[in-house]
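# Chains, contacts and geometry: an overview
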Amino acid sequence: MMEKVFLILTIWRSIPVFIAFHSLRNKQAVMEDMRRWGENETLWSLHKLFVRSKLFRRIFLTRVSFESRKLQKIVRLFYKPAEDFSVDVISKKIGGGFLVCHGNSTIVYAQSIGKNFLVHQNVTVGRGKKIDGNNVPDIGDNVFIGTGAIVIGGIHIGNNVKIGAGALVNKDVPDNCTVVGNPMRIICKKGMEDEGIVN
Ligand SMILES: CC(=O)SCCNC(=O)CCNC(=O)[C@H](O)C(C)(C)COP(=O)(O)OP(=O)(O)OC[C@H]1O[C@@H](n2cnc3c(N)ncnc32)[C@H](O)[C@@H]1OP(=O)(O)O
């Protein structure tokens, strides 16, 4: 009850967020993010997520920054996102349904990131060996990355892939497979499309 009153009293603060949301070309991706963060697709839910989660703010502002730096700066005047050292995402293409669990020291630098990406804390996705002109990974849909994993180089991570906690991934991973360990070991069995959030 108290929270509801607080949310009602502070809704004015989210007006710049609503404006930024409405100006986005890729609203669908934000709506998919909202679903993955356990909310529905209303402006009220957007307000709730903004009040509650600095990590959600950060992903939202990353999306806004692709389209308008000015709007990103305006929203930031009203809401401070999680710091860079918490989660930093660098990619030209980020699918909807992006979820960060316990963001801390997580950096995702990728050519592209598919739908329903889930990343834990202390993860690095980034530069490594150049393959076919790319030195950062491209990541398919429904990819899960456990805590402490390192995913580097111009590799391809397929759809429905699970990357285990602490894995070092520096080679392609096919669809519907799990990869664990250092050196990496690929285990291919069923996909993970229908699974919930793995924590
Ligand atoms: C604060 C918090 O709690 S934050 C949450 C932190 N937790 C995480 O990040 C969880 C990450 N999840 C994992 O690492 C999981 O083990 C997953 C996703 C890799 C499990 O995938 P599954 O497909 O269920 O694999 P399964 O458990 O059957 O293990 C398959 C094999 O990989 C091994 N394995 C599983 N996880 C790992 C791992 N992280 N590192 C090394 N080997 C592993 C298993 O021992 C097993 O080996 P075996 O075939 O020789 O017996």
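Residues numbered from 1 in each chain as written. Predicted model: local features only at pLDDT ≥ 70, side-chain atom pairs only at ≥ 80, totals over all residues. Heavy atoms only, no water.

## Looking at the nonpolar core
Let me state the cut-off plainly: To qualify as a nonpolar core, a set must consist of buried Ala, Val, Leu, Ile, Met, Phe, Trp, Tyr and Cys residues joined through side-chain atoms within 4.5 Å. For the exposure calls, accessible area comes from a 1.4 Å probe over protein chains only, and a residue counts as buried if that area is under 20% of its type's maximum, exposed if over 50%, partly exposed in between. What counts as a helix is a DSSP run of H or I of at least four residues, what counts as a strand is a run of E of at least two, and both are numbered from the N terminus. An automatic or database domain assignment is the source of the domain bounds shown. The criterion used for residue contact is that any of the two residues' heavy atoms lie within 4.5 Å.
Residues Leu 46, Phe 60, Ile 145, Ile 157, Ile 163 and Val 169 are the most contacted members of the largest nonpolar core, which totals 53 residues. For this core, the element with the most residues is helix α5 (residues 54–67), which contributes 6 residues. When we break this core down by domain, the ones giving at least three residues each are domain 1 (1–83) and domain 2 (86–183). If we skip the residues at most four places from it in the chain, Ile 145 touches Phe 117, Leu 118, Val 119, His 120, Val 123, Val 125, Val 151 and Ile 163.

## Let's talk about the state of the cysteines
Here is the rule we go by: Throughout, disulfides are identified as pairs of cysteine sulfur atoms within 2.5 Å of each other.
Summed over all chains, the structure comprises 1 disulfide. Each sulfur in the disulfide pair Cys 177 and Cys 188 lies 1.9 Å from the other. Across the S-S bond linking Cys 177 and Cys 188, the dihedral sits near 105°, which makes this disulfide right-handed. You can see Cys 177 sitting in strand β14 (residues 177–180) and its partner Cys 188 sitting in strand β15 (residues 185–188), a full 11 residues away along the chain. On the basis of relative accessible area, Cys 177 is assigned to the buried category, the value being 3%.

## Here's the deal with the confidence of the model for the protein
Put simply, the rule reads: Values of pLDDT, the confidence the predictor places in each residue, fall between 0 and 100.
Across the protein, pLDDT averages 93, with 95% of residues at or above 70. With pLDDT under 50 throughout, residues 193–199 is counted as low confidence; its partners more than four residues away or in other chains account for 14 contacts. Of the two predicted TM-score estimates for the complex, the pTM is 0.88 and the ipTM is 0.95.

## Describing the sheet that holds strand β9 (residues 144–145)
The cut-off we apply is this: Only strands that DSSP links by at least two bridges are regarded as paired with each other.
Sheet architecture is open: 6 strands sit in the order β3-β6-β9-β12-β14-β15, paired in mixed fashion. A strand with exactly one partner marks an edge of an open sheet, and here the two such strands are β3 (99–100) and β15. Summarising the sheet, β3 and strand β6 (residues 118–119) pair through 2 bridges and their orientation is parallel. From the neighbouring strand, Leu 99 faces β6, where its bridge partner is Leu 118.

## Focus: the pairing of β15
Where β14 meets β15, 4 bridges bridge the pair, whose relative direction is antiparallel. Residue pairing in the sheet places Val 179 in a bridge with Ile 186 of β15.

## Details of the site of the ligand
Keep this limit in mind: The criterion for a residue being near a molecule or strand is simple. One of its heavy atoms has to lie within 4 Å of it. Identification of polar contacts relies on pairs of N or O atoms within 3.5 Å, with a donor-acceptor requirement for protein atoms, meaning one able to donate a hydrogen and the other able to accept it, and with residues adjacent in sequence counted only if both atoms are side-chain atoms. Here the accessible surface of atoms and residues is derived via Shrake-Rupley with a 1.4 Å probe, and residues count as covered only by protein chains that are part of the display. In this classification, the charged set is Asp, Glu, Lys and Arg, the nonpolar set is Ala, Val, Leu, Ile, Met, Phe, Trp, Tyr, Cys and Pro, and all remaining amino acids, among them Gly, are polar.
Near the ligand lie 16 residues; those nearest to it are Thr 147, Gly 164, Ala 165, Arg 185 and Lys 189. Here Thr 147 contributes a backbone N or O atom positioned 2.8 Å from an oxygen atom of the ligand. Taking Ala 165, its main chain carries an N or O atom lying 2.8 Å from an oxygen atom of the ligand. Relative to its unbound accessible area of 970 Å², the ligand is 51% covered by the protein chains. Residue assignment for the shell around the ligand shows that the elements contributing at least two residues are β14 and β15. Of the residues contributing to the shell around the ligand, the split by class is 4 nonpolar, 9 polar and 3 charged.

## Points about the environment of Ala 20
Position of Ala 20 relative to the elements: it lies in helix α2 (residues 15–23). Considered as a pair, Ala 20 and Val 75 are 55 residues apart in the sequence and their alpha carbons are 7.7 Å apart. Not counting the four nearest positions on each side in its chain, Ala 20 is found in contact with Phe 60, Val 64, Leu 71 and Val 75.

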